[in-house]
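Architecture and fold: a report
What follows is the residue order along each chain.
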Amino acid sequence: MEEEQRCLAEVREQIEKYNRKGTPVAGIVVEPIQGEGGDNHASAEFFKELQQIAKDYGAAFMLDEVQTGCLTTGRMWFHEFWDLPTPPDIVCFSKKMLTGGFYYTPEMKPKEGYRIFNTWMGDPSKMLLLEEVVKVIHRDKLMDNVQMTGTVLLEGLKSLQAKHPDKINSARGAGFFVGVDCRDVDYRDKLVNKLRNKGFNVGGNGVYTLRLRPALIFRPQHANLFLEALGHILESN
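Residues numbered from 1 in each chain as written. Predicted model: local features only at pLDDT ≥ 70, side-chain atom pairs only at ≥ 80, totals over all residues. Heavy atoms only, no water.

Pairing is antiparallel across the open sheet formed by 4 strands, whose spatial order is β5-β6-β8-β7. Edge strands, defined here as strands with exactly one partner in the open sheet, are β5 (168-174) and β7 (203-205). Between one strand axis and the next, the sheet turns by 30° as a mean value, whatever way the strands run. Sheet analysis places β5 next to strand β6 (residues 177-182), joined by 5 bridges and oriented antiparallel. Residue pairing in the sheet places Arg172 in a bridge with Gly179 of β6. Sheet strands touched by helix α5 (residues 185-197): β5, β6, β7 and β8 (209-212). Its angle to β7, the strand with the most contacts, is close to 160°. (Pairing = 2+ DSSP bridges. Helix = DSSP H or I, 4+ residues; strand = E, 2+ residues; numbered from the N terminus. Axes fitted to C-alpha atoms, helices over the stretch in contact; angles between N-to-C directions. Contact = heavy atoms within 4.5 Å.)

As C-alpha cells, then:
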C-alpha cells in the first residue's frame, strides 16, 4: 500500500506539473494488471483513488483491457472486481475479443462519427466471430470454468513454490491471468524452453516472471497436467 500511495502522489504531481506549463493532462490510461511489465497487480482502492484523481483534474479515466478483457481474469472485464463508484470513461479491448475497439460513457461520445478510428476496428467479419465467442462463453459456462480452473492453477503454483522457494516465488493472478517469479531471468528462460518442449505454450514477461495465459477452454485436468510437468522440471533442475 505504501508503494501505491507513492505512485498516486506522483500522478498528482505530474498532472500539476503539466498544468503549470499550460499543458493540461487530457486523460489517464492504465492497465488493470500490468502485463508486459511482469504481472504487477494493484488494489481496488488504488484504482478508485486513481479514478478520483482523474475527476479532480478533469481528465478522462481510460482502462486498457486489451490483455485482461474477455473473461481472462474470471470476469468479462477486470475492472468489475473493483466496485468503482462510477464506470470508467473509456475501456479499450482486443486480443480474445478478435478485434480492436473501445466503449465509453455518453460524455465521451464524439460529436461526429468516426472521429476515433483505425484500420483494425469495426471489421464486420470479426464482429460475427466475436458474437459466436460470446455465445460459446455463455453456452459452455466458461466464466465458471475460468474461475474454477484458475484457482486450481494458482493454488498448484503456490504449492510448488512452497516446495521450491529457491526457484520460484510470488505466484499471483486472477482467473487465467497468472504469473510466478523465478529466481533470475536465466532460470525463467530455461523453464520456458523446457515447458515448451513438453508441449506447454508459456512465456516470460517483466524481468524474471513466468507468464501463463491459458485459453478459456483450459480445464482442471489441463492445469494438473501442466503443474505435474512443471513440478518434474523443478525437481530435476
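Two orientations exist for strands paired in a sheet by backbone hydrogen bonds: parallel and antiparallel. Read across the sheet, 4 strands follow the order β1-β2-β3-β4 without closing on themselves; strand pairing throughout is mixed. The open sheet terminates on both sides in strands that have one partner only, identified here as β1 (27-30) and β4 (101-104). The sheet shows a mean angle of 20° between the axes of neighbouring strands, taken without regard to direction. The pairing of β1 with strand β2 (residues 60-64) spans 4 bridges and is parallel. Residue pairing across strands places Ile28 opposite Phe61, the latter belonging to β2.

Taken together, the side chains of Arg183, Lys190, Lys194 and Lys198 define a basic patch exposed on the protein surface. Relative to the helices and strands, Lys190 is located in helix α5. (Patch = residues over 30% accessible without salt bridge, like charges linked within 9 Å, V, L, I, M, F, W, Y side chains within 5 Å. Areas by Shrake-Rupley, 256 points an atom, 1.4 Å probe, with all protein chains shown as cover. Salt bridge = Lys/Arg side-chain N within 4 Å of Asp/Glu carboxyl O. Lys, Arg positive; Asp, Glu negative; His and termini not counted. Charge placed at Lys NZ, Arg CZ, Asp CG, Glu CD.)

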